[in-house]
Amino acid sequence: CYNCSGPNNNDCTECRGTKALHNNQCEENCPDSYFKETSTHTCEACDSTCFQCLGSTDGQCTECSSPRALHNSQCLQDC
C-alpha cells in the first residue's frame, strides 16, 4: 500500500507503482471484468457486456463472455 487505513494488506486506500487498488488491496493485475485505470491506480469495472476490456465503455472490449461475440471491440449478441 501507498496509503492505508489499518495494518493489514486489505486496508489499502492507495497503491504505488504499477499496482491498482481493488477491494482495498493492491493488485498487480485487475480481475476479470475490470481494467487498470492508470491515472487513479484503481481497478474499474468493464462494461457489463465485456469479459475483458481496456476501458469502461461497450466499445473497449477485448474479450466477451459466451454467447456474445467480439466485433470491432464490442461484444455483440449476433455477428
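On a predicted model such as this, the values are computed, not experimentally measured, just so you know.

Student: Break down the pairing of strand β6 (residues 42-45) for me, with residues and values.
Tutor: Here strand β5 (residues 34-37) pairs with β6 via four bridges, running antiparallel. Across the sheet, the residue bridging to Y34 is A45, located in β6.

Student: I'd like to hear about the state of the cysteines, residue by residue, with values.
Tutor: For the structure on display, the rule yields six disulfides. Across a sulfur-sulfur distance of 1.9 Å, C50 and C61 are joined as a disulfide pair. Given an S-S torsion of about -60 degrees, the disulfide between C50 and C61 has left-handed geometry. Placement of the pair is C50 in strand β7 (residues 50-53) and C61 in strand β8 (residues 61-64), with a sequence separation of eleven residues. The buried category is assigned to C50, whose relative accessible area is 4%.

Student: Got a sec to walk through unusual backbone geometry? Specific residues and values, please.
Tutor: Glycine aside, negative phi is the norm for most residues, and most peptide bonds take the trans geometry. Residue P67 follows S66 across a cis peptide bond; omega there is 10 degrees. Structurally, P67 can be placed in the loop between β8 and β9 (69-71). Of note in the backbone geometry, H41 takes a positive phi value of approximately 55 degrees without being a glycine. The topology assignment puts H41 in the loop between β5 and β6. In this structure, N72 takes a positive phi of about 50 degrees despite not being glycine. Locating N72 in the fold gives a position in the loop between β9 and β10 (74-76).

Student: Could you give an account of the nonpolar core, naming the residues involved and the relevant values?
Tutor: Counting seven residues, the largest nonpolar core is built from F35, C46, C50, C53, C61, C64 and C75. The set of elements that each furnish at least two residues to this core consists of β7 and β8. Discounting residues that sit within four places of it in the chain, C53 has contacts with F35, C46, Q60, C61 and T62.

Criteria and thresholds
- Residues numbered from 1 in each chain as written.
- Predicted model: local features only at pLDDT ≥ 70, side-chain atom pairs only at ≥ 80, totals over all residues.
- Heavy atoms only, no water.
- Pairing = 2+ DSSP bridges.
- Helix = DSSP H or I, 4+ residues; strand = E, 2+ residues; numbered from the N terminus.
- Disulfide = S-S within 2.5 Å.
- Buried < 20%, exposed > 50% of the residue type's maximum accessible area, 1.4 Å probe, protein only.
- Core = buried A, V, L, I, M, F, W, Y, C linked by side-chain atoms within 4.5 Å.
- Contact = heavy atoms within 4.5 Å.

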